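# Coordinates in review
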Amino acid sequence: MTDNVIQVRDLRTQFGRNVIHQGLNLDLRRGEILGVVGGSGTGKSVLLRTIVGLKRPEGGTVRVLGIDPHNAPAAQRRALGQRWGVMFQDGALFSALTVRENVQVPMDAVPGLSAADRDALAELKVSMAGLPWNANEKYPSDLSGGMRKRAGLARALALDPEVVFLDEPTAGLDPIGADAFDRLIVSLRDALNLSVFLVTHDLDTLHVCCDRIAVLAEKQVLVTGTMADMLQVDHPWVKEYFHGPRARAAMVREDG
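Residues numbered from 1 in each chain as written. Predicted model: local features only at pLDDT ≥ 70, side-chain atom pairs only at ≥ 80, totals over all residues. Heavy atoms only, no water.

## Focus on the sheet that holds strand β1 (residues 4–15)
The 3 strands lie next to each other as β2-β1-β4, forming an open sheet whose pairing is antiparallel. With partners counted over all chains shown, the strands left at the sheet margins are β2 (18–29) and β4 (59–64), one partner each. Mean inter-strand twist for the sheet, computed between neighbouring axes without regard to direction, equals 15 degrees. Looking at chain direction, β1 and β2 are connected through 9 bridges and run antiparallel. Each bridged residue has a counterpart across the sheet, and for Ile6 the counterpart in β2 is Leu28. Together, β1, β2 and β4 form the strand contacts of helix α1 (residues 44–51), whose direction differs from that of β1 by roughly 120 degrees. (Pairing = 2+ DSSP bridges. Helix = DSSP H or I, 4+ residues; strand = E, 2+ residues; numbered from the N terminus. Axes fitted to C-alpha atoms, helices over the stretch in contact; angles between N-to-C directions. Contact = heavy atoms within 4.5 Å.)

## A word on the environment of Phe197
With respect to the element layout, Phe197 can be found in strand β7 (residues 195–199). Those residues within four positions of Phe197 in sequence are excluded, and the remaining contacts are Ile6, Leu26, Leu28, Leu34, Val36, Leu47, Leu48, Ile51, Val164, Phe165 and Leu166.

## Comments concerning the packing of helix α5 (residues 145–156) against helix α6 (residues 175–192)
A pair of packed helices is characterised by two quantities: the angle between their axes and the separation of those axes. It is the contact of α5 with α6, at a shortest axis distance of 12 Å, that shows an interaxial angle of 15 degrees. Our classification of the angle between α5 and α6 gives roughly parallel. Along this stretch, α5 crosses α6, giving a crossing that reads as right-handed. The residues of α6 that touch α5, namely those facing Lys149, Arg150 and Leu153, are Ala180, Phe181, Leu184 and Leu188. (Parallel < 35°, antiparallel > 145°, perpendicular 65-115°, else oblique. Left-handed = near helix turned anticlockwise from the far one by under 90°.)

And the structure:
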């Protein structure tokens with residue numbers, strides 16, 4: 001039996017009368033990087049927020065690591081939240097806190113950590129995210145966009161999660177910075193045995209990182225599969241996305 005760390009079944013989400021998802025089904029397998037793509041308005045970030053319990057669905061079920069984040073008892077939900085990490089767009093850092101202090105925020109949920117332990121753990125996570133040691137004392141306003149994203153990743157890794165959610169991790173980065181971030185994600189997955197739910201529009205990221213791709217269209221997951229599978233799908237948006245000039249350029253870069 002496939003070991004799924006996330007199972008979404010018959011999901012319905014909406015804002016007022018605007019239905020975003022209807023009958024959506026999705027799995028994230030243990031140890032894989034799943035890329036979630038779709039056109040504007042298909043609800044990629046809404047899906048992520050629903051899975052982590054920030055938006056309650058109007059129908060269907062969500063289970064993460066076997067637990068329903070919407071209906072489990074409060075203590076179980078808190079414990080579940082310590083088993084995943086989330087990196088929102090642009091890092092979503094607290095502007096009044098240093099990088100070290102931002103990374104320490106999730107540690108508030110862990111009793112008994114001394115100040116020295118918190119500092120050491122935060123500095124380790126900052127290093128794992130590829131930031132220099134002196135980044136710990138900097139504030140978000142002192143960082144470049146790429147450094148803010150890495151700081152957000154460090155915070156997502158703070159509690160040694162089993163599952164990491166990444167929302168547009170390479171958006172706004174230059175090609176060299178984006179490629180370095182993509183390869184960092186893969187190396188961390190391999191080293192830490194992470195399962196990664198990755199929302200992206202970046203074709204290079206799909207090529208470099210993702211074991212499978214899930215395409216959101218028509219209010220549901222239209223198709224899930226490998227990059228090779230995507231090239232065989234006969235659907236207008238999928239064909240335009242995966243066969244267009246940017247897709248061909250991404251394939252050439254990855255092959256090279």
